[in-house]
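Below are the chains, spelled out letter by letter.
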Amino acid sequence: MRDRSRALGALIVVAAAPALVGAVQPSTDVSASVTGLRSAKGQILACLTMRPDKFPNCQNDPAAKRLIVPAAAPSLDFGKVGAGRYAIALIHDENANGKLDKRLMIPREGFGFSQDAPVMMGPPRFDSAAFPVNGFGEHLNIKMRYLF
């Protein structure tokens, strides 16, 4: 009986080992292609965050991944991220001044969001743009939109 208890105890430890190893979040590559650019001028400012309270401007999110890529080559590679829900916000900074230019609160430059999240009187909510990352490579297509 004692041998059986040891064997059962060993089996429990072996069965639990994957769960302990799984406690470390796997990382997955996240990338995106930008479509619908009206010109190859300037740069694309990109932000990937998993914090709803920091979306779409993840400037105050230290864990956010930010990219700046030439608009002439609009391919984004955020690298490895842990499992979770993320959202991406993009700006086509055509004059390369590092910000979204506006006129009377209306964007003069392009913008885009993951999941092609709808824009209604302001940026979409995180939940509209969120997509899952769960251990498989994620590649998104994000459409740039312009109001002017």
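Bear in mind the structure is a predicted one, so any value in this text is a computation, not a measurement.

Trainee: Can you explain the packing of aromatic side chains? Please cite residues and give values.
Mentor: The tally for this structure, following the rule as stated, stands at 3 aromatic pairs. Measuring from centroid to centroid gives 6.0 Å for F55 and F113, while their planes differ by 65°, and the two rings are edge-to-face. In this pair, F55 is assigned in the loop between β2 (43-49) and β3 (65-70) and F113 in strand β8 (residues 110-113), connecting sequence segments 58 residues apart. Taken as a pair, F55 and F113 share a single burial class, namely buried. Between F111 and F113, the aromatic rings sit 6.1 Å apart at their centres with planes inclined by 50°, giving tilted as the arrangement. For F113, a relative accessible area of 7% puts it in the buried group. Ring pairing ties together the aromatic residues F55, F111, F113 and F126, which thus form one cluster. Seen from the ring of F148, R108 lies directly overhead, with NZ or CZ sitting 4.4 Å from the centre.

Trainee: Account for the side chain of S114, with residues named and values stated.
Mentor: Take S114: it is sitting in the loop between β8 and α2 (126-129). Of note is the side chain of S114, whose polar atom sits 2.9 Å from the backbone nitrogen of I88. With near-sequence residues (within four places) excluded, S114 lies in contact with A87, I88, S128, A129, F131, L140 and I142.

Trainee: Let's hear about the state of the cysteines: which residues, and what values?
Mentor: Cysteine pairs can be covalently joined through their sulfur atoms, and such a bond is termed a disulfide. One pass over the full model with this rule turns up 1 disulfide. Note that C47 is cross-linked by a disulfide to C58, the S-S spacing being 1.5 Å. Residue C47 is found in strand β2, and its partner C58 is found in the loop between β2 and β3; the two are separated by 11 residues along the sequence. What makes C58 buried here is its relative accessible area of 3%.

Rules of the game
- Residues numbered from 1 in each chain as written.
- Predicted model: local features only at pLDDT ≥ 70, side-chain atom pairs only at ≥ 80, totals over all residues.
- Heavy atoms only, no water.
- Phe/Tyr/Trp six-rings, centres within 6.5 Å; stacked < 30°, edge-to-face > 60°.
- Helix = DSSP H or I, 4+ residues; strand = E, 2+ residues; numbered from the N terminus.
- Buried < 20%, exposed > 50% of the residue type's maximum accessible area, 1.4 Å probe, protein only.
- Lys NZ or Arg CZ within 6 Å of the ring centre and 35° of its normal.
- Polar contact = N/O pair within 3.5 Å; in protein donor to acceptor, adjacent residues only side chain to side chain.
- Contact = heavy atoms within 4.5 Å.
- Disulfide = S-S within 2.5 Å.

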